[in-house]
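Residues per chain are reported as follows:
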Amino acid sequence: MSMVINGSGTITGLSAGGLPSATVTQATLATPIAGTGPAFSAYQSIPQTPATGTWTKLTFTTKDFDTNSNFASSTFTPTVAGYYQVNAQAQVGATSSSISVSIYKNGAAYKSGTYIVTSASYNASIASILVYCNGTTDYIDAYVYIGTSGALNAAQFSASMVRSA
Amino acid sequence: MTLYEKIMALYPSLIDIDFLTTIRLQNDSDGRGDYIASWEHPTLARPTEEQLNAN
């Protein structure tokens, strides 16, 4: 039932018991809500050394959390269809001339993050995108490019469902 | 010698930005090593295996 205020200020649509409940629950919201959709966060505890000029899949050895067990072998394969906020970050020292991270979908480059020409001790590239996954075959990886080979200082990868399909 | 080094030996005029735009070398961290995922350079031809291995 909808509450309506007409031109004369009369309110209609109220239930016999008074005002509608102000409590927000999953059931009272529209259906395309993320709710308890999959989410994960992982990071690199063993430094990776990508080759110069080569987009290299980032490998993540430690998980902070993986709510639906959808993250394996450094690949995120969500089993619930929907839209996912995906974030990746990698960091190198000044010895590597440049760095960029990229989000891959189904094995192909999907969206690239910032391209950084290194100038300081710590230089980070970040990719943050929204991507649709079909909940069955779609999968997401993070890749890094560095201008001069060197060990990464750090790398992180995370994703969370923000809207169901 | 890495794939990147082989390509640079063949085409020394290439610079960093070429490998971010028109040439994509890739390594899927699956033990299979580096490979050319795409080559769309406007003037330089994609090198053959023979050319790469000659270096």
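These lines cover the structure that appears in this document, whether it is placed above or below. All chains use their own residue numbering, which begins from 1 and follows the written sequence. Just so you know, chain letters begin at A and ligand numbers begin at 1, following the order they were written in. The predicted origin of the model limits local features to residues at a pLDDT of at least 70 and limits the giving and counting of side-chain atom pairs to 80 or more, whereas totals for whole chains, interfaces and linings rest on all residues. Side-chain figures throughout are based on the complete set of non-hydrogen atoms in the structure, without hydrogens or water.

1. Things to note about the pattern of salt bridges
Residues and elements named next belong to chain A.
In step 1: Here, a salt bridge means any side-chain nitrogen of Lys or Arg that lies within 4 Å of a carboxyl oxygen of Asp or Glu. The full count for this structure, using the stated rule, is four salt bridges over all chains.
In step 2: Across the pair Lys105 and Asp138 runs a salt bridge, and its minimum N-O distance is 3.9 Å. Note that Lys105 is positioned in strand β9 (residues 98-105) and Asp138 in the loop between β11 (123-133) and β12 (140-146), a separation of 33 residues in sequence. Of the two residues, Lys105 and Asp138, both sit in the buried class. Helix and strand definitions follow DSSP, with helices as H or I runs of at least four residues and strands as E runs of at least two, each counted in order from the N terminus. A 1.4 Å probe rolled over the protein chains alone gives each residue an accessible area, and that area as a share of the maximum for its type sets the label: buried under 20%, exposed over 50%, partly exposed in between.

2. Concerning the environment of A:Ala90
Residues and elements named next belong to chain A.
In step 1: Tracing the chain through its elements places Ala90 in strand β8 (residues 82-92).
In step 2: Each C-alpha atom, one on Ala90 and one on Thr148, is 14 Å from the other, the two residues being 58 residues apart in sequence.
In step 3: Between two residues, a contact is recorded if the distance between any of their heavy atoms is within 4.5 Å. What Ala90 contacts, discounting residues up to four positions off in sequence, is Leu58, Ile99, Val101, Asn123, Ala124, Ser125, Val144, Ala154 and Ala155.

3. Brief notes about the interface of chain B and chain A
In step 1: With 11 residues of chain B in contact, the opposing surface of chain A contributes 19 residues.
In step 2: Accessible area that two parts lose when put together, with a 1.4 Å probe and added across both, is what the buried area reports. Overall, the association of chain B and chain A removes approximately 1,200 Å² of surface from exposure, summing both partners, and the carbon and sulfur fraction of that is 50%.
In step 3: Three residues stand out in chain B for area buried against chain A, namely B:Asp16, B:Leu20 and B:Arg24, and they jointly supply 38% of the buried area on that side.
In step 4: The tally of links between chain B and chain A comes to zero salt bridges.
In step 5: Among the secondary structure elements, those contributing two or more residues to the side of chain B that touches chain A are α2 (18-21) and β1 (23-27) of chain B.

Everything listed is a geometric property; what it means functionally is a separate question.
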